[in-house]
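Below, each chain spelled out in residue letters.
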Protein chains: 2
Amino acid sequence: MALYVQKYGGTSVGSIERIEAVAQRVKKSCEQGNQIVVVVSAMSGETNRLLGMAKALDEHAARRELDVLVSTGEQVTIALLTIALQKAGVDAISMTGDQVQMKTDNSHGKARIKTVETENLQRHLDAGKVVVVAGFQGRDEDNNITTLGRGGSDTTAVAIAAVLKADECQIYTDVNGVYTTDPRVEPRARKLDRITFEEMLEMASLGAKVLQIRAVEFAGKYNVPLRVLSSFEEGEGTLITYEDVKKMESAIISGIAFNRDEASLTISGIPDEPLVAANILTPIGDAGIDVDVIVQNAHSKDGLVDFTFTVHRDDYQAARVLLEKTCAELSGKDVQGNDRIAKISIVGVGMWNHPGVAKTMFEVLGNEGINMQLISTSEIKISVIVDEQHLELGVRALHAAFNLDVA
Amino acid sequence: MALYVQKYGGTSVGSIERIEAVAQRVKKSCEQGNQIVVVVSAMSGETNRLLGMAKALDEHAARRELDVLVSTGEQVTIALLTIALQKAGVDAISMTGDQVQMKTDNSHGKARIKTVETENLQRHLDAGKVVVVAGFQGRDEDNNITTLGRGGSDTTAVAIAAVLKADECQIYTDVNGVYTTDPRVEPRARKLDRITFEEMLEMASLGAKVLQIRAVEFAGKYNVPLRVLSSFEEGEGTLITYEDVKKMESAIISGIAFNRDEASLTISGIPDEPLVAANILTPIGDAGIDVDVIVQNAHSKDGLVDFTFTVHRDDYQAARVLLEKTCAELSGKDVQGNDRIAKISIVGVGMWNHPGVAKTMFEVLGNEGINMQLISTSEIKISVIVDEQHLELGVRALHAAFNLDVA
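Residues numbered from 1 in each chain as written. Chains lettered and ligands numbered in written order. Predicted model: local features only at pLDDT ≥ 70, side-chain atom pairs only at ≥ 80, totals over all residues. Heavy atoms only, no water.

Per an unreviewed UniProt entry, chain A carries the name Aspartokinase and comes from Moritella yayanosii. Taken directly from UniProt, the Catalytic activity (unreviewed entry) text for chain A runs: "L-aspartate + ATP = 4-phospho-L-aspartate + ADP". UniProt, in its Sequence similarities (unreviewed entry) section for chain A, records the words "Belongs to the aspartokinase family." (UniProt positions renumbered as here; feature names shortened; annotations may be inferred.)

Written out as structure tokens, the structure reads:
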């Protein structure tokens, strides 16, 4: 008898009919002799409906009260799914975050899980019940309601799987697994049967938004086998595991991630001093703008350097204004920018002992006439910044070159 | 500095604008130097919206899960009202039923309050905060979510006023107080400045639905001064108090209650035996039908009796079918019924030492040509059953005869 934690997102429980469909899927898992904990999100649209009312009262409502408000969304879903399960003949019971004793820190709206009590969960499982748990929510040590932030239900599911030592944490979504790249860009993209946590982290952070990155980190930390499956069709999905004995056999490259909404900014002709990077990036960070790729060129003969970084395209104008102010203060030459760029990354744990991978990537792109404006590398990924019109061509060329369409 | 518990119902918090209006009203009470606990219901329509979804899944959903579901309604309101209060510059904090430690028995959907913890409430009040509490909800001893049943927010408010020893529990509604009778029937009806708990109980149970009867009982038991006011207009409302030293001065009759939706059933010619009433009423009670007035006539010469009772008009047909079965079993003569009747009651603690009250009532109705089909009396009320077309005429005649339009 296996113990599975299954998580269904807002789209999967977005209507009465879909809740009934989820109940049938859970019932099937039970009938196969498994113990099941289900973690659910709010019905799609509900969180935004609630936040809309709060905004109408106050654009800057207190986070504590917003957590009291939005946590009702998941509570509605657990009740409805439990009713649907009971109607389908499955013995089930709902539990809120505080009934599970999901304890978090007090960072309202982005709380981090500290402990999860297993006693209540285990008691209901031992009694043969399916336990339906509200995702996304917890309580701080003063019993205030907290939420984990958008997508936090994935993290709830992983945390529960970790403390219960579940055989698998199954994340049901509207895609049937993790692909070598986005099938809308490369129709020959192939679903992966498995991927390592490290690769998944790079894929997720690079724009392949199947799982919340915090949930993946959490699963990796507590060694919880994670599986991504479709709520709407049958299939084995993609299993996300620790890098294991199969590493030697694994493909050099597992997938190609990309991100369209990038913009780059370059400040030129600034003095090469130890604190220059901090001086440039501090105002950007203080303005709440996330910086992605950062490149500083080698020293030039005159002791001046160029410094380039990328931001989300929405932050481009704000970042540019700040950078021009910094440029004047540092007596730099000028600021240049480009908000029509994209990032392509190849990801794979296999690349660490295949030094030719970077060369192959650059050759493939060069042969297609694609100019690389920035290059950034880590142990398991190589990212390049290109003109946005070259994105699809680049992804398809790399997909073919690394044989990703062949299992 | 006075401590008030203010309760606002679903209509009073039914929209963003109304929540803002409640916030202004609470702010004004604070500025007058009072400590305030606010108890709120779900926004009007919300409870039915939630129950509609549950019904779509299962007409007979488990009460435990329905409580998990509908208790979200009040949680939404406490968050929104707290946000509105903070926006208006009032230091406020929301508390759910479990944060207040509102402990109930485990009768889901109609739970009774057992204990309320004052520690958390008092701590926030001492810190100068307005505390916004979710009405209607609690937790049983196993930490399951419970609800007190429709209108339970009144009971929540009274319970909190009792444990905090509040100076008043103020129930804000869509009427501005308790009237001598319904102003839609008698335009000369007058708002009462005060009424005793006993009179209020009779008025409420007789169809003058201003307050939940359980809340009034609770207030009487714990000696909580209760005041009914309007959410929408200024005024002192009606204070509901213990029968006190002013009793001697009080008017003989405080008000006239009535109920249109009655039906009567009479079973004739049955043997006069000790268990006959139980035999007749047991099947009715088992079918979930509430019986109101009950009258059994004096013994007739042949040892046979007639037995009459009234039920809600909606239950008339079902009750009649059951009664005809009983009639056959008891070898009775026949069953007769009338579903076009109404009940008029005069209520007043002053009537106990004014024996002429009943005579006056019967004379007034008789002079108007109104036939009384049944009469039932208690210490502080006299009820008569009349043809429904005589309801308005009877109420107006009695209102004038007992000088209720004069303060």
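Having seen the structure, we can now continue with the description.
A. Broad picture of the interface of chain B and chain A. With 40 residues of chain B at the contact, the number on the chain A side is 40 residues. A combined buried area of about 3200 Å² lies between chain B and chain A, and 62% of that area is made up of carbon and sulfur atoms. Per-residue buried area on chain B facing chain A is highest for Leu57, Glu65 and Ile83 of chain B; these three make up 21% of the total on that side. Summed over the shared surface of chain B and chain A, the result is six salt bridges. Salt-bridge contacts for Arg139 of chain B lead to Asp98 of chain A; the nearest nitrogen and oxygen are separated by 3.2 Å. Taken together, the links from chain B to chain A amount to twelve residue pairs in polar contact (both at pLDDT 80 or more). Looking at which element gives the most residues to the side of chain B that touches chain A, the answer is helix 3 (residues 63–87) of chain B, with 17 residues. In terms of residue class, the side of chain B that touches chain A is made up of 21 nonpolar, ten polar and nine charged. (Contact = heavy atoms within 4.5 Å. Buried area = accessible area lost by both parts, 1.4 Å probe. Salt bridge = Lys/Arg side-chain N within 4 Å of Asp/Glu carboxyl O. Polar contact = N/O pair within 3.5 Å; in protein donor to acceptor, adjacent residues only side chain to side chain. Helix = DSSP H or I, 4+ residues; strand = E, 2+ residues; numbered from the N terminus. Nonpolar A, V, L, I, M, F, W, Y, C, P; charged D, E, K, R; others polar.)

B. Structural detail: the nonpolar core. By size, the foremost hydrophobic cluster in this structure holds 43 residues, and its most contacted members are Val37, Leu121, Ile160 and Leu226 of chain B. If you tally residues by element for this core, the top one is helix 5 (residues 152–164) of chain B, at seven residues. Once you skip the residues sitting within four places of it in the chain, Leu226 of chain B turns out to touch Val158, Cys169, Ile171, Phe197, Leu211, Val216, Ala219, Thr238, Leu239 and Ile240 of chain B. Among the nonpolar cores identified, the runner-up in size contains 42 residues, and Met95, Val158, Cys169 and Phe218 of chain A belong to it. (Core = buried A, V, L, I, M, F, W, Y, C linked by side-chain atoms within 4.5 Å. Buried < 20%, exposed > 50% of the residue type's maximum accessible area, 1.4 Å probe, protein only.)

C. Quick peek at the environment of Val291 of chain A. Looking at where Val291 of chain A falls in the secondary structure, it is placed in strand 14 (residues 291–296). Remark: the alpha-carbon pair of Val291 of chain A and Val13 of chain A, spanning 278 residues in sequence, is separated by 35 Å.

D. Focus on helix 9 (residues 316–329) of chain B. Residue and element names in this part refer to chain B. For helix 9, spanning 14 residues, the distance from its first C-alpha to its last is 20 Å, which sits close to the expected 20 Å at 1.5 Å a residue. By the burial criterion, the buried members of helix 9 are Tyr316, Ala319, Leu323, Thr326 and Cys327. Projected down its long axis, helix 9 carries its buried residues within an arc of 100°, all on one side. With respect to the buried face of helix 9, the exposed residues turned more than 90 degrees away are Gln317, Val321, Lys325, Ala328 and Glu329. Those residues of helix 9 that are buried lie in contact with strand 13 (255–271), helix 8 (276–286), strand 15 (304–312) and strand 16 (334–347). (Expected span 1.5 Å × (residues − 1). Arc of directions from axis to C-beta.)

E. Expanded view of the pairing of strand 15 (residues 304–312) of chain A. Residues and elements named next belong to chain A. Bridge analysis of strand 13 (residues 255–271) against strand 15 gives eight bridges, and the strand direction is antiparallel. Bridge pairing in strand 15 places Ile267 opposite Phe307. For strand 14 and strand 15, the ladder comprises four bridges, and the chain directions are antiparallel. Along strand 15, the bridge assignment pairs Ile294 with Phe309. (Pairing = 2+ DSSP bridges.)

F. Spatial organisation of the packing of aromatic side chains. Residues and elements named next belong to chain B. One pass over the structure, following the stated rule, counts six aromatic pairs over all chains. Arranged with centres 4.6 Å apart and planes meeting at 15°, the rings of Tyr8 and Tyr172 form a pair that is stacked. In this pair, Tyr8 is assigned in strand 1 (residues 3–8) and Tyr172 in strand 9 (residues 168–173), connecting sequence segments 164 residues apart. Take Tyr172: its relative accessible area is 5%, and that puts it in the buried class. (Phe/Tyr/Trp six-rings, centres within 6.5 Å; stacked < 30°, edge-to-face > 60°.)

G. Expanded view of the environment of Glu20 of chain A. Mapped onto the fold, Glu20 of chain A is located in helix 1 (residues 16–31). What makes Glu20 of chain A partly exposed here is its relative accessible area of 34%. Residues contacting Glu20 of chain A, with those up to four places away along its chain left out, are Ala56 and Leu57 of chain B.

H. Representation of helix 10 (residues 357–367) of chain A. All names here are of chain A. Those residues of helix 10 that fall on the buried side of the exposure criterion are Val357, Met361, Val364 and Leu365. One side of helix 10 holds all its buried residues, which, seen down the axis, span an arc of 95°. More than 90 degrees from the buried face of helix 10, the exposed residues found are Lys359 and Asn367. Considering only its buried residues, helix 10 is in contact with strand 16 (334–347), strand 18 (381–387) and helix 11 (391–401).

I. Structural context of the domain arrangement of chain A. Once the domains are mapped, chain A shows domain 1 (3–173) and domain 2 (256–401). Between the C-alpha centres of domain 1 of chain A and domain 2 of chain A the distance comes to 39 Å. (Domains from an automatic or database assignment.)

J. Highlighting the sheet that holds strand 14 (residues 291–296) of chain B. Residues and elements named next belong to chain B. One open sheet accounts for six strands, arranged 14-15-13-16-18-17; its pairing is antiparallel. The open sheet terminates on both sides in strands that have one partner only, identified here as strand 14 and strand 17 (374–377). Within this sheet the neighbouring strands show an average axis-to-axis angle of 30°, counted without direction. Packing of helix 9 onto the sheet brings it into contact with strand 13, strand 15 and strand 16, and relative to strand 16 it is tilted by some 125°. (Axes fitted to C-alpha atoms, helices over the stretch in contact; angles between N-to-C directions.)

K. Main features of the relation of the copies chain B and chain A. With an RMSD of 0.1 Å, the fit of chain B onto chain A corresponds to turning through 180° and sliding 0.0 Å along the axis. Each copy turns onto its partner about a two-fold axis. Among all C-alpha atoms of chain B, that of Thr72 of chain B lies closest to the rotation axis, at 2.7 Å. Both copies contact each other with a shared surface, as 100% of the interface residues of chain B are interface residues in chain A too. (Least-squares fit on C-alpha atoms with pLDDT ≥ 70 in both.)

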